[in-house]
Amino acid sequence: MRKNMLKEKIRNGESAIGTFVKLTDPAVPELLALAGFDFFVLDTEHVAVDREQLTNIVRAADAAGITPIVRVRENQQVEILQNLDLGYAGVQVPNVDTPEQARNLVSYVKYTPLGVRGLSPSVRACDYGTCGVQEYIDTANANTMIVSHCETKTCVENLDEVLKVDGIDVIFIGPMDLSQSYGVPGKTTDPEVKAAIDTITAKTLAAGKAVGTTAASAEAAKALMAKGVQYILLSSDEGIIVKWGKDAISRIRG
């Protein structure tokens with residue numbers, strides 16, 4: 001099993017910069033690694049990705065030396081199991097609103113005695129059965145990253161209890177879904193939404209866990225880092241292409 005450089009970076013108190021991957025070409029992880037990104041999150045919640053594409057993307061990530069995280073569609077045992085068995089370094093999971101859901105999430109990721117993840121040493125994550133089983137279990141339990149979304153009013157209300165759940169590495173703030181939950185869809189700078197984001201950030205840092213969220217620009221990412229945010233997703237592969245292209249075309253034709 002490969003070393004999780006992202007988890008180590010965050011454990012050391014550093015900030016990591018990633019992006020959402022929505023394109024399914026394995027060249028994308030290679031390009032992101034060449035650009036200097038620390039990690040990416042393959043977004044299977046909002047994008048249709050088949051098993052072969054999932055596998056080829058994680059292979060490319062391993063070859064390029066960039067940490068691959070997968071955003072799963074839901075907090076569901078088999079969903080998490082199948083993605084981790086491919087060799088992804090962690091899962092980013094939406095709609096974790098209660099301590100019970102948080103405990104379930106941890107149990108789905110961890111092998112016994114920490115959880116209930118199904119064990120099959122023949123999977124890619126265990127080098128197709130060539131690794132030592134107990135060594136693999138211990139390494140997976142220690143290295144696999146758990147990123148839990150806080151993106152609803154319910155989660156904010158339950159956050160104190162969610163933060164007591166051992167095993168969660170990052171509380172990820174989803175500003176868009178949070179704005180929708182507070183009745184102002186898309187208005188991420190609404191005072192109530194901003195106050196919720198500040199509350200999540202402060203409570204998560206006080207609990208000794210890392211905070212994650214999105215950044216629309218390099219300047220926004222630097223501002224988040226100054227606030228102690230360690231897990232930063234800068235746009236997406238699609239967004240980067242569109243923004244760069246529009247800016248360039250605007251300057252050429254402007």
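Our structure is the block above this text.
Note that the structure is predicted; figures quoted are calculated from it, not measured.

Novice: Would you mind going over the overall build of the protein with me for this structure?
Specialist: On a plain count of helices and strands, the protein comes out with 11 helices and eight strands. Over its C-alpha trace the protein gives a radius of gyration of 18 Å, about what one expects of a compact globule, namely 18 Å for 254 residues. With the C-alpha coordinates aligned to their principal axes, the bounding extent of the protein is approximately 60 × 45 × 35 Å. Here the protein holds 254 residues, and the buried ones make up 48% of them. Accessible surface for the protein amounts to roughly 12,000 Å². Of this, 53% is attributable to carbon and sulfur atoms. Positive and negative charge centroids in the protein, built from 26 and 32 side chains respectively, lie 4 Å apart.

Novice: Help me understand the packing of aromatic side chains, please; the structure alone is not making it clear to me.
Specialist: Centre-to-centre distance and the angle between the planes together describe a pair of aromatic rings. In the structure shown here, the tally under the stated rule is four aromatic pairs. An angle of 80° between the planes, with centres 6.5 Å apart, marks the rings of Phe20 and Phe172 as edge-to-face. A residue pair is termed long-range when its members are at least 10 positions apart, and Phe20 in strand β1 (residues 16–21) and Phe172 in strand β6 (residues 170–173) qualify at 152 residues. Summarising the burial analysis for this pair, Phe20 and Phe172 share the class buried. Measuring from ring centre to ring centre gives 4.6 Å for Phe39 and Tyr231, while their planes differ by 35°; the resulting arrangement is tilted. One end of the pair, Phe39, is in strand β2 (residues 39–43); the other, Tyr231, is in strand β8 (residues 231–236), with 192 residues separating them in the sequence. Put simply, the rings of Phe20, Phe39, Phe172 and Tyr231 touch in pairs and so form one group of aromatic residues. The ring of Phe20 has Lys22 sitting right over it, with the charged end atom 5.6 Å from the ring centre.

Novice: Would you take a moment to explain the sheet that holds β6 for this structure?
Specialist: Hydrogen bonds along the backbone pair up the strands of a sheet, which may run parallel or antiparallel. A barrel is described by the order of its strands in space; here eight strands give the closed sequence β1-β2-β3-β4-β5-β6-β7-β8, paired in parallel fashion. Between one strand axis and the next, the sheet turns through 25° on average, direction left out of account. The sheet strands contacting helix α5 (residues 99–109) are β4 (90–93) and β5 (145–150), and the helix crosses β5 at an angle near 155°. Its contacts with the sheet put helix α11 (residues 237–253) on β1 and β8, and the angle it makes with β8 is roughly 55°.

Novice: Please clarify how the pairing of β6 should be interpreted in this entry.
Specialist: In the case of a regular strand, side chains alternate between the two sheet surfaces. Residue alternation in β6 divides its side chains into two sets, Val170 and Phe172 and Ile171 and Ile173, and both sets are buried. Bridge analysis of β5 against β6 gives four bridges, and the strand direction is parallel. Looking at β6, one finds that Val147 is bridged to Val170. Each parallel crossover has a hand, and the one from β5 via helix α7 (residues 153–162) to β6 is right-handed. In the sheet, β6 pairs with strand β7 (residues 210–215) via three bridges, with the strands oriented parallel. Directly across from Phe172, in β7, lies its bridge partner Gly212.

Novice: Hey, could you run me through the side chain of Thr213 in this one?
Specialist: The topology assignment puts Thr213 in strand β7. Owing to a relative accessible area of 8%, Thr213 belongs among the buried residues under this scheme. Apart from residues no more than four positions distant in its own chain, Thr213 is found in contact with Phe172, Ile173, Pro175, Leu224, Val229, Tyr231, Ile232 and Leu233.

Novice: It is not clear to me how the pattern of salt bridges should be interpreted in this structure. Could you clarify?
Specialist: Close approach of charged atoms allows side chains with opposite charge to pair. In this structure the tally under the stated criterion is 13 salt bridges. Among the salt bridges present, the one from Arg124 reaches Asp62, with a minimum N-O distance of 2.9 Å. In this pair, Arg124 is assigned in the loop between α5 and α6 (133–143) and Asp62 in helix α3 (residues 51–64), connecting sequence segments 62 residues apart. Taking relative accessible area as the criterion, Arg124 reaches 10% and is therefore assigned buried. Across the salt bridge formed by Glu161 and Lys164, the nearest N and O atoms sit 3.0 Å from each other. The class for Lys164 is exposed, based on a relative accessible area of 57%. What emerges from the salt-bridge pattern is a single network uniting Lys22, Asp43, Glu45 and Arg71.

Analysis parameters
- Per-chain numbering applies: the sequence of each chain, read as written, is numbered from 1 onward.
- Totals for whole chains, interfaces and linings use all residues, but because this is a predicted model, local features are given only for residues with pLDDT of at least 70 and pairs of side-chain atoms are given and counted only at 80 or more.
- Working from all heavy atoms in the structure, the side-chain values ignore hydrogens and water.
- The way it works is that DSSP assigns letters per residue, a run of H or I at least four long becomes a helix, a run of E at least two long becomes a strand, and they are numbered from the N terminus.
- Atoms counted for the radius of gyration: C-alpha only. Globule rule: 2.2 Å times residue count to the power 0.38.
- Each residue is assigned to one of three classes by its accessible area relative to the maximum for its type, calculated with a 1.4 Å probe on protein chains only: buried under 20%, partly exposed between the two thresholds, exposed over 50%.
- Note on areas: Shrake-Rupley with a 1.4 Å probe; residue coverage comes only from the protein chains shown.
- As used throughout, the charge tally considers Lys and Arg to be positive and Asp and Glu to be negative, leaving His and the chain termini uncounted.
- To locate a charge, take atom NZ for lysine, CZ for arginine, CG for aspartate or CD for glutamate.
- Ring pairs shown here join Phe, Tyr and Trp side chains whose ring centres sit within 6.5 Å, with only the six-membered ring taken for Trp; geometry is labelled stacked below 30 degrees between planes, edge-to-face above 60, and tilted in between.
- Throughout this description, the term charge over a ring refers to an Arg CZ or Lys NZ atom that lies within 6 Å of the ring centre and within 35 degrees of the ring normal.
- Think of it this way: DSSP has to see at least two bridges between two strands before they count as a pair.
- Working convention: axes come from line fits to C-alpha atoms, limited for helices to the stretch in contact. Angles between N-to-C directions cover 0 to 180 degrees.
- We call two residues in contact whenever any of their non-hydrogen atoms come within 4.5 Å of each other.
- By the criterion used throughout, a crossover qualifies as right-handed when its path from the first strand across the helix to the second strand runs clockwise, the strands pointing away from the viewer.
- In the sections that follow, a salt bridge refers to a side-chain nitrogen of Lys or Arg positioned within 4 Å of a carboxyl oxygen of Asp or Glu.

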